[in-house]
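Structural description and commentary
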Amino acid sequence: MAKAYLVDTSRCMACKACQVACKQWNGLPAEKIDKVESPQNPPDLSAITWTLVRMKEAVSSGKVRLLFFKDQCRHCIDPPCQMSAVIPGSIYRDEETEAVIHTKRTRYEDFEDIMCPYDIPREDPKTGRLFKCTMCIDRVKNDMLPACVQACPTGAMQFDDREEILKMARERLDKVKAIHKNASLVDADEVSVIYLLIEDAELYGMIRNPMGKTVFA
Ligand code: SF4
Ligand code: SF4
């Protein structure tokens, strides 16, 4: 059964438990950072950071607020990264969960142009291999939640069968809209990681790109 996530940003408090859990479960080392210049830490995704709570200061209804966005691979329904893979099978969709998996053969140099509209896969500079979120497929296939979802203390992340998540997302949106009138779901029909934003995507620093995807500018 196809799986999906709901990331409800109205419930995120940027505790970063998801970031830590991802590192722990996947055995990923900490980033070496010389100077911490922002509460968004580390500053970006990398071959050893597969998820990150992005933070953006925005003015809404005359008030300054910090918006949070837990970035990760969206596990696209028709993955542009897979379509751009030169080596057959180096990127595939898992039949059971529909997770998009980049294998050991997914190397930056094998792409004429890595087409990820969300700018997710990152190259390991030593090996040339591309890395990103795996949907914790090793856990999910053993009836466990993805590590980041399991770790979230506020319920900002949910993971379930896609139809359940879509239903949950629509119901939650109706509730959130009563408080945040500009709340919306992002690219819900095209991805398996469905974000509920509490403000216009623009305030998060996002635009609609020519492919019709909502991406960071
Ligand atoms: S699903 Fe697993 S690999 Fe993906 S961001 Fe969450 S913890 Fe990391
Ligand atoms: S977000 Fe990028 S890396 Fe992930 S499935 Fe979509 S195109 Fe591929």
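Presented here is an overview of the structure given in this document. (Residues numbered from 1 in each chain as written. Chains lettered and ligands numbered in written order. Predicted model: local features only at pLDDT ≥ 70, side-chain atom pairs only at ≥ 80, totals over all residues. Heavy atoms only, no water.)

1. With respect to the overall build of the protein chain
The following threshold applies: We count a stretch as a helix when DSSP gives it H or I for four or more residues in a row; a strand needs E for two or more, and each element gets its number in order from the N terminus. Both definitions apply: the radius of gyration is a C-alpha atom measure, and the globule rule equals 2.2 Å times residues to the power 0.38. Only protein chains enter the accessibility calculation, which uses a 1.4 Å probe. A residue is then buried if its area is under 20% of the maximum for its type, exposed if over 50%, and partly exposed in between. Contacts are assigned to residue pairs with any non-hydrogen atoms lying within 4.5 Å of each other. Surface accessibility follows the Shrake-Rupley procedure with a 1.4 Å probe radius. Residue values consider only the protein chains on display as shielding.
Each helix and strand in the protein chain was counted, giving five helices and twelve strands. Whereas a compact globule of 217 residues would reach a radius of gyration of roughly 17 Å, the protein chain reaches 17 Å, a difference of no more than 12%. Each principal axis of the C-alpha distribution contributes one length, and for the protein chain these read about 50 × 45 × 35 Å. By residue count, 50% of the 217 residues in the protein chain fall in the buried class. Contacts in the protein chain between residues far apart in sequence, at least 24 positions, make up 56% of those at least 6 positions apart. Surface summary for the protein chain: the accessible area is close to 11400 Å², and the carbon and sulfur share equals 51%.

2. Regarding the pattern of salt bridges
Where we set the bar: Salt bridge, as used here, is a side-chain nitrogen of Lys or Arg placed within 4 Å of a carboxyl oxygen of Asp or Glu.
Summed over the entire model, instances satisfying the criterion amount to 14 salt bridges. Arg-122 is the partner of Asp-44 in a salt bridge, and the nearest nitrogen-oxygen pair spans 3.1 Å. Here Asp-44 is found in the loop between helix 1 (17–26) and strand 2 (52–60), whereas its partner Arg-122 is found in strand 6 (residues 122–123), with 78 residues between them in sequence. For Arg-122, a relative accessible area of 14% translates into the label buried. Within this structure, Asp-44, Arg-54, Asp-71, Arg-74, Asp-119 and Arg-122 form a network of salt bridges that share partners.

3. Description of the site of ligand 1
The criterion, for reference: Residue proximity to a molecule or strand is established when one non-hydrogen atom of the residue lies within 4 Å of it. The pocket and cavity definitions rest on a 1 Å grid over protein atoms only: a 1.4 Å probe that fits but cannot leave marks a cavity, an open set with protein on both sides within 12 Å along at least five of seven lines marks a pocket, and residues lining either have an atom within 4 Å of a point. Should more than half of a molecule's atoms lie within 2 Å of a pocket's or cavity's grid points, that molecule is taken to sit in it. In the scheme used here, Gly and all other residues not listed as nonpolar or charged are polar, with Ala, Val, Leu, Ile, Met, Phe, Trp, Tyr, Cys and Pro taken as nonpolar and Asp, Glu, Lys and Arg as charged.
Near ligand 1 lie 13 residues; those nearest to it are Tyr-5, Cys-22, Cys-133, Cys-136 and Cys-148. Because more than half of its atoms lie within 2 Å of the grid, ligand 1 is assigned to the second largest cavity. Those elements giving two or more residues to the shell around ligand 1 turn out to be helix 1 and helix 4 (147–151). Split by residue class, the shell around ligand 1 holds nine nonpolar, three polar and one charged.

4. Focus on empty space enclosed by the protein
For clarity, the threshold we go by: Grid points are joined across faces, edges and corners, and a volume is the space filled by probe spheres set on the points.
Scanning all chains against the criterion turns up four cavities of 30 Å³ or more. When its volume is computed, the largest cavity comes out at roughly 160 Å³. Taken together, 19 residues make up the lining of the largest cavity; nearest its centre are Cys-12, Cys-18, Cys-152, Ala-156 and Met-157. Listed by contribution, the elements that provide at least two residues to the lining of the largest cavity are strand 1 (3–8), helix 1 and strand 3 (63–71). Here the lining of the largest cavity gets three residues from one element, more than from any other, and that element is strand 3. Per-class residue counts for the lining of the largest cavity are 14 nonpolar, two polar and three charged.

5. A word on the layout of surface pockets
The volume enclosed by the largest pocket comes to roughly 200 Å³. Every residue lining the largest pocket is listed: Leu-28, Glu-31, Ser-46, Ala-47, Ile-48, Trp-50, Asp-124, Pro-125, Lys-126 and Phe-131. Class assignment of the residues belonging to the lining of the largest pocket gives a composition of six nonpolar, one polar and three charged.

6. So, helix 1
Each α-helix turn comprises 3.6 residues. Residues three or four places apart therefore point the same way. For helix 1, the full list of buried residues reads Cys-18, Gln-19, Ala-21, Cys-22 and Lys-23. In this structure, the buried residues of helix 1 make contact with strand 2, strand 3 and helix 4. Remark: Gly-27 follows helix 1 within two positions and exhibits a positive phi of approximately 60 degrees.

7. Things to note about the nonpolar core
The cut-off we apply is this: Take the buried residues of types Ala, Val, Leu, Ile, Met, Phe, Trp, Tyr and Cys, join any two whose side-chain atoms come within 4.5 Å, and each joined set is a nonpolar core.
Grouped together as the largest cluster of nonpolar side chains are 48 residues, with contacts concentrated most on Tyr-5, Met-157, Ile-194, Tyr-195, Leu-197 and Tyr-204. Contact partners of Tyr-195, with chain neighbours within four places excluded, come to Val-7, Phe-69, Lys-70, Asp-71, Gln-72, Arg-74, Ser-184, Leu-185 and Val-186. Listed in part, the five residues of the second largest apolar core include Cys-22, Ala-47, Trp-50 and Phe-131.

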